[in-house]
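# Structural characterization, general
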Amino acid sequence: MAANSGSSRTGGNSLQVLNFVIFPRLNYDLPFFGADLVTLPGGHLIALDMQPLFRDDLAYQAKYTEPILPIFHTHQQHLSWGGDFPEEAQPFFSPAFLWTRPQETAVVETQVFAAFKDYLKAYLDFVEQAEAVTDSQNLVAIEQAQLRYLRYRAEKDPARGMFKRFYGAEWTEEYIHGFLFDLERKLTAIN
């Protein structure tokens, strides 16, 4: 298998969060698969993407982004753009990033769910076809790209405040660095 996955879900009656990320193994150049489905009292926040390791590399885009653009365009017609997105986050998302804020739960249950299934199927097809990278320079580049992404996600995790309120600061930091985004710790333990 070319990837590991992790997810978290928390909340109550008015708050539901599903964060599902598939982290490729370090000897594959696969993008990350990311799905965030957040329900808040005022609506939903949805983010679906195959987050690239090398966003600005044209060959990488041809391999992993261009094949999913038709899926993006199909679902984008029914799921309007979610609005402003932090500039510092943009390097971590592909041109096929589906970001939307539907108000109706029925849209999440139908159109968002259909988009999720299509994105996940396309990703699993990439995983099935993936070939292990053996070139040492490329392996270093993959590791560095994954660490950049994970450091960013750990530092900017939008759930940090919510987790702190529910579980406290110590638990939150251990959960973020010791479970959700633990690659750096794993690499340190190996060396």
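Note that the structure is a prediction, hence the values are computed from the model and not measured.

Looking now at the pairing of strand β2 (residues 16–24). Burial analysis of β2 places 7 of its 9 residues in the buried class, the great majority of the element. Bridge count between β2 and strand β3 (residues 32–40): 7 bridges; the pairing is antiparallel. When the bridges of β3 are listed, Leu18 appears paired with Leu37.

We now examine the packing of aromatic side chains. Per the counting criterion, the structure on display carries 25 aromatic pairs. When the ring of Tyr64 is compared with that of Phe126, the centres are 5.1 Å apart and the planes differ by 90 degrees; the resulting orientation is edge-to-face. Separated by 62 residues along the polypeptide, Tyr64 in helix α1 (residues 58–65) and Phe126 in helix α3 (residues 105–129) bring together distant segments of the chain. With relative accessibility at 4%, the residue Tyr64 sits in the buried group. Owing to a relative accessible area of 13%, Phe126 belongs among the buried residues under this scheme. An aromatic cluster of three or more residues is present, and its members are Phe23, Phe32, Phe92, Tyr149, Tyr152 and Phe181.

To continue, consider the confidence of the model for the chain. When pLDDT is averaged along the chain, the result is 88, and 92% of the positions lie at 70 or above. Note on residues 7–12: pLDDT under 50 across the span, and 20 contacts to partners over four residues away in sequence or across chains.

Tracing the backbone through its elements, the reader meets Phe163 in helix α5 (residues 160–167). When its relative accessible area of 4% is taken as the criterion, Phe163 is described as buried. Along the backbone, Phe163 and Phe181 are 18 residues apart, and their C-alpha atoms lie at a distance of 15 Å.

The next subject is the pattern of salt bridges. Scanning all chains against the criterion turns up 6 salt bridges. Measuring nitrogen to oxygen at the nearest pair gives 3.7 Å for the salt bridge that ties Glu155 to Lys156. Exposure remark for Lys156: the relative accessible area of 36% places this residue in the partly exposed category. A salt bridge links Glu173 to Arg160; the nearest nitrogen and oxygen atoms lie 2.7 Å apart. One end of the pair, Glu173, is in helix α6 (residues 169–180); the other, Arg160, is in helix α5, with 13 residues separating them in the sequence. Since its relative accessible area comes to 26%, Glu173 is described here as partly exposed. The class for Arg160 is buried, based on a relative accessible area of 15%. Through salt bridges that share partners, Glu88, Glu155 and Lys156 make up one connected network.

The rules we used
- For every chain, the first residue of the written sequence is number 1, and numbering continues from 1 along that sequence.
- Totals for whole chains, interfaces and linings use every residue, but because this is a predicted model, local features are given only for residues with pLDDT of at least 70 and side-chain atom pairs only at 80 or more, for both listing and counting.
- Hydrogens and waters are ignored; side-chain quantities use all the structure's heavy atoms.
- Buried, partly exposed and exposed residues are distinguished by accessible area as a fraction of the type maximum, computed with a 1.4 Å probe on protein chains only: under 20%, between the cut-offs, and over 50%, respectively.
- Secondary structure counts use DSSP, requiring at least four H or I residues in a row for a helix and at least two E residues in a row for a strand, with both numbered from the N terminus.
- Here, any two strands with at least 2 DSSP bridges between them count as paired.
- Pairing of aromatic rings covers Phe, Tyr and Trp, the last counted by its six-membered ring, and requires centre-to-centre distances within 6.5 Å; plane angles under 30 degrees mean stacked, over 60 mean edge-to-face, and any other angle means tilted.
- Residue-level confidence of the predictor is summarised by pLDDT, bounded by 0 at the bottom and 100 at the top.
- Contacts: residue pairs with any heavy atoms within 4.5 Å of one another.
- Salt bridge criterion: a side-chain nitrogen from Lys or Arg within 4 Å of a carboxyl oxygen from Asp or Glu.

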